[in-house]
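# Chains, contacts and geometry: an overview
Here is how the chains run, residue by residue.
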Amino acid sequence: MINKLLLRFICLILMPFSQIAFADECLDDKLTRVKGVDNCLAITTFRDSSAPNPSALVIFIHGDQSDMKAVTSMPRLAKNIQLSSDIVKVFILRPGYFDAQGNESTGNNSGRRDSYTSDNVDEVTAAIQSLQKYYGVKNTVLVGHSGGAAYAGVMIGRTPGIANGALLLSCPCDISSWRSDQQGRPWGSLSPINFYKTVPVATKVIAMTGDSDNNTREYLSKEYVAALTTRGVDARYITAQSAAHNDTVNVELVTEPIKSLLKANN
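Thresholds, definitions, all that
Residues numbered from 1 in each chain as written. Predicted model: local features only at pLDDT ≥ 70, side-chain atom pairs only at ≥ 80, totals over all residues. Heavy atoms only, no water. Buried < 20%, exposed > 50% of the residue type's maximum accessible area, 1.4 Å probe, protein only. Helix = DSSP H or I, 4+ residues; strand = E, 2+ residues; numbered from the N terminus. Pairing = 2+ DSSP bridges. Right-handed = clockwise from strand over helix to strand, strands pointing away. Phe/Tyr/Trp six-rings, centres within 6.5 Å; stacked < 30°, edge-to-face > 60°. Lys NZ or Arg CZ within 6 Å of the ring centre and 35° of its normal. Expected span 1.5 Å × (residues − 1). Contact = heavy atoms within 4.5 Å. pLDDT = per-residue confidence, 0-100. Polar contact = N/O pair within 3.5 Å; in protein donor to acceptor, adjacent residues only side chain to side chain. Axes fitted to C-alpha atoms, helices over the stretch in contact; angles between N-to-C directions. 1 Å grid on protein atoms, 1.4 Å probe; cavity = no way out; pocket = protein on both sides within 12 Å on 5 of 7 lines; lining within 4 Å. Points joined across faces, edges and corners; volume = space filled by probe spheres on them. Nonpolar A, V, L, I, M, F, W, Y, C, P; charged D, E, K, R; others polar. Salt bridge = Lys/Arg side-chain N within 4 Å of Asp/Glu carboxyl O.

### Some thoughts on the pairing of strand E7 (residues 204-210)
Across the seven residues of E7, seven count as buried, placing the element largely inside the fold. What you see with E7 is no split at all: Lys204, Ile206, Met208 and Gly210 on one side and Val205, Ala207 and Thr209 on the other are buried throughout. Pairing geometry for E7 and strand E8 (residues 234-240), over seven bridges, is parallel. Bridge pairing links Met208 to Ile238 in E8. With helix H6 (residues 218-229) bridging E7 and its parallel neighbour E8, the resulting β-α-β unit is right-handed.

See below:
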């Protein structure tokens, strides 16, 4: 028993150093990998190489994928959505996740539960800031679905100026209320509603949830949007008709909202 406890203690001590080593060895080419804080995040970049200098970044952040399978829907959305050729689209794999192509981000996703931690949000925030510097853009739009929408909602308030606009799809924007809806144990994850007071007034926010979503119900996004508008933030809510939780990750539904966010910040 003592040996097992000792081994576990040593592993816990060494874990932060191993993560730093991963980050130090990260390819960090800003096309397939990008350094966060202590981790190396896998990304998929969609860019027209013949286009002029990029005018904007659109960052796609996936949900929790609680079935433990590879992440597929958000990278597919990033690939298929048609935007101006001078816009760079980047799909980011959250810490500890993998996609169908075998790409994987280092880090811990806590078993894909309760993982919107300050450490994980910091990793994605740092990756986005690195990409912004690399491309030299001043216009960034975040597109997040479910847990990814929670990330985006937290980031725009926790790191003011990280993005000019955000599209929140099927957002659990009030984590406490969402967990209560699910009759699950409380989570310690960061929650967008707790950061609404520090979202810059200049930030544009669109939230969209399906009226058939039994996971993240509409009121979670509606109340978040209402809180933003009381501060003068340009925020609006869209109901996706006859759409369930995952149906909002849909090119036809999100193209115009993303274009409107990009246009608003030109």
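Additional details are given in the paragraphs that follow.
### Quick notes on the packing of aromatic side chains
For any pair of aromatic rings, geometry is given as the distance between the ring centres together with the angle between the planes. The tally for this structure, following the rule as stated, stands at four aromatic pairs. For the ring pair Tyr116 and Tyr151, a centre distance of 5.9 Å and an interplane angle of 70° mean the geometry is edge-to-face. Here the residue Tyr116 occupies a position in the loop between strand E4 (87-92) and helix H3 (118-135), and Tyr151 occupies one in helix H4 (residues 147-158), the gap between them amounting to 35 residues. Summarising the burial analysis for this pair, Tyr116 and Tyr151 share the class buried. Where Trp178 meets Trp187, the ring centres are 5.2 Å apart and the plane angle is 90°; that geometry is what we call edge-to-face. A network of ring pairs unites the aromatic residues Tyr116, Tyr151, Trp178 and Trp187 as a single cluster. Here the basic side chain of Arg179 rests over the ring of Trp178, its NZ or CZ set 5.8 Å away from the ring centre.

### Section: H3
Taking 1.5 Å of rise per residue, the 18 residues of H3 would be expected to cover 26 Å, and the 26 Å separating its terminal C-alpha atoms lies within 8% of that figure. Every buried residue belonging to H3 is among Asn120, Val121, Glu123, Val124, Thr125, Ala126, Ala127, Ile128, Ser130, Leu131, Gln132 and Tyr135, and all of these are buried. Turning to H3, the residues buried within the fold contact strand E1 (33-35), strand E2 (40-46), strand E3 (56-61), E4, strand E5 (140-145) and H4.

### Quick look at the confidence of the model for the chain
This prediction gives the chain a mean pLDDT of 92; 90% of its residues lie at or above 70. This stretch, residues 1-21, has a pLDDT under 50; its non-local contacts, to residues over four places away or in other chains, come to four contacts.

### Examining the side chain of Asn39
Among the secondary structure elements, Asn39 is positioned in the loop between E1 and E2. A polar contact of 3.2 Å, which involves the side chain of Asn39, links it to the backbone nitrogen of Gly107.

### Description of the side chain of Ser170
Looking at where Ser170 falls in the secondary structure, it is placed in the loop between strand E6 (165-169) and helix H5 (175-181). A distance of 2.9 Å separates a polar side-chain atom of Ser170 from the backbone oxygen of His245. Discounting residues that sit within four places of it in the chain, Ser170 has contacts with His145, Ser146, Met208, Thr209, Asp213, Thr216, His245 and Thr248.

### As for the sheet that holds E4
Taken in spatial order, the eight strands make up an open sheet running E1-E2-E4-E3-E5-E6-E7-E8, and their pairing is mixed. Each end of this open sheet is capped by a strand with a single partner; those strands are E1 and E8. Strand-to-strand twist in this sheet, taken as the mean axis angle between neighbours without regard to direction, amounts to 20°. The sheet contact formed by E3 and E5 spans five bridges and is parallel. Paired with Val58 across the bridge in E5 is Val141. Helix-sheet contacts for H4 involve E3, E5, E6 and E7, and the interaxial angle to E5 is about 140°. Against the sheet, helix H7 (residues 251-264) engages E3, E4, E5, E6, E7 and E8, with an angle of about 170° to E7.

### A short note on the layout of surface pockets
Quantified by volume, the largest pocket comes out at close to 440 Å³. The wall of the largest pocket is formed by 21 residues, among which Asp64, Gln65, Ser66, His245 and Asn246 lie closest to the centre. Elements with a contribution of two residues or more to the lining of the largest pocket: helix H2 (73-80) and H5. Of the residues belonging to the lining of the largest pocket, the class tally is five nonpolar, twelve polar and four charged.

### Quick look at the pattern of salt bridges
Throughout the structure, instances matching the rule amount to four salt bridges. The partner of Arg158 in a salt bridge is Asp122, and the shortest N-O contact between them spans 2.7 Å. Taken together, the residues span a long stretch of sequence, with Arg158 in helix H4 and Asp122 in helix H3 at a distance of 36 residues. By relative accessible area, which is 30% here, Asp122 ends up partly exposed.

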